[in-house]
Amino acid sequence: MRSFLLPLCAAALSFSMLASADNKPLQVSEVLAQQQSIRAEVQAGKGRYKAMPSSKREELLARQTKLMQLLDGKQTSSDLTEAQRVEAFNTLEWIEAAINRAEDERTICEREQPTGSHRTVTRCRTVAQIREEREAAEKAVDRRAVCSQGDMCTGK
């Protein structure tokens with residue numbers, strides 16, 4: 001089963017980088033073959049998937065189906081739009097995190113338009129980073145609320 005993780009990571013990275021080191025786009029057939037192999041083991045409920053909760057298995061299979069539909073008719077990663085590459089990358093990252101039980105390490109990429117710019121950029125962060133940023137923002141809002149009520153603010 002470990003043999004699937006390295007190709008899965010490579011596939012996910014290739015989607016985000018658009019091309020491999022030798023400037024060749026990722027072959028969609030390779031990703032689909034890996035996903036079909038994983039799918040067969042998940043459906044059989046064997047090996048590392050034996051202890052996986054049924055709800056997680058069902059979600060994994062649903063995400064794989066969506067990924068396969070996204071890649072249907074495509075030959076290489078260059079046949080996808082930037083938004084589709086981001087979606088494929090996020091799906092592959094979710095699948096890898098589910099398989100490895102490493103949700104906090106899963107990378108999520110989002111297409112964003114920075115303030116003051118008309119260009120869209122792709123920003124990637126781990127689930128743990130997103131949670132930390134959200135918690136820091138909530139603490140900042142709480143501090144501002146306390147300061148606006150006339151209490152002494154220390155800036156900490």
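Before reading on, note that the structure itself is shown above.
Residues numbered from 1 in each chain as written. Predicted model: local features only at pLDDT ≥ 70, side-chain atom pairs only at ≥ 80, totals over all residues. Heavy atoms only, no water.

Asker: Help me understand the packing of helix α3 (residues 54-71) against helix α4 (residues 82-100), please; the structure alone is not making it clear to me.
Answerer: In a packed pair of helices, the relevant descriptors are the angle between the two axes and the axis-to-axis distance. The interhelical angle for the contact between α3 and α4, taken along N-to-C directions, is 155°, at an axis separation of 10 Å. Viewed along their axes, α3 and α4 adopt a mutual orientation that is roughly antiparallel. Considering the relative orientation of α3 and α4, their crossing is left-handed. Residues K56, E59, L60, R63, Q64, K66, L67 and L70 of α3 form the contact with α4, whose own contacting residues are Q84, E87, A88, T91, L92, W94, I95, A98 and I99. (Axes fitted to C-alpha atoms, helices over the stretch in contact; angles between N-to-C directions. Helix = DSSP H or I, 4+ residues; strand = E, 2+ residues; numbered from the N terminus. Parallel < 35°, antiparallel > 145°, perpendicular 65-115°, else oblique. Left-handed = near helix turned anticlockwise from the far one by under 90°. Contact = heavy atoms within 4.5 Å.)

Asker: Would you take a moment to explain the packing of helix α2 (residues 28-44) against α3 for this structure?
Answerer: With their axes 11 Å apart at the nearest point, α2 and α3 run at an angle of 155° to one another. With respect to α3, the element α2 is oriented roughly antiparallel. The handedness of the crossing between α2 and α3 is left-handed. Residues V28, V31, L32, Q35, Q36, I38, R39, V42 and Q43 of α2 form the contact with α3, whose own contacting residues are R57, L60, L61, Q64, T65, L67, M68 and L71.

Asker: Can you walk me through α2 in this structure?
Answerer: For an α-helix the count is 3.6 residues per turn, leaving residues at separations of three or four pointing the same way. Spanning 17 residues, α2 covers 24 Å between terminal C-alpha atoms, matching the ideal 24 Å at 1.5 Å per step. Listed as buried for α2 are V28, V31, Q34, Q35, I38, R39, E41 and V42. Looking straight down α2, one finds its buried side chains confined to an arc of 165°; they lie on one side. Residue G45 follows α2 closely and has a positive phi angle near 65°. (Expected span 1.5 Å × (residues − 1). Buried < 20%, exposed > 50% of the residue type's maximum accessible area, 1.4 Å probe, protein only. Arc of directions from axis to C-beta.)

Asker: In this structure, what is going on with the nonpolar core? I would like to understand it.
Answerer: The tendency in soluble globular proteins is for nonpolar side chains to be buried side by side. In terms of nonpolar packing, the biggest core is built from ten residues, these being I38, V42, Y49, M52, L60, L61, W94, I95, A98 and I99. Contributions of two or more residues to this core are made by α2, α3 and α4. Per-element accounting of this core gives the leading share, four residues, to α4. Judged by nonpolar contacts, the second largest core, of nine residues, contains L26, V28, L71 and L92. (Core = buried A, V, L, I, M, F, W, Y, C linked by side-chain atoms within 4.5 Å.)

Asker: Any chance you could explain helix α5 (residues 127-148) here in plain terms?
Answerer: Look at α5: 32 Å from first C-alpha to last across 22 residues, which is about the 32 Å you get at 1.5 Å a residue. Those residues of α5 that sit buried are V127, A128, I130 and A140. Here the buried face of α5 lies against β1 (107-112) and β2 (121-126).

Asker: So what exactly am I meant to see when it comes to a negative patch on the surface here?
Answerer: Side chains of E132, E135, E138 and D142 sit close together on the surface and give a patch of like negative charge. Relative to the helices and strands, E132 is located in helix α5. (Patch = residues over 30% accessible without salt bridge, like charges linked within 9 Å, V, L, I, M, F, W, Y side chains within 5 Å. Areas by Shrake-Rupley, 256 points an atom, 1.4 Å probe, with all protein chains shown as cover. Salt bridge = Lys/Arg side-chain N within 4 Å of Asp/Glu carboxyl O. Lys, Arg positive; Asp, Glu negative; His and termini not counted. Charge placed at Lys NZ, Arg CZ, Asp CG, Glu CD.)

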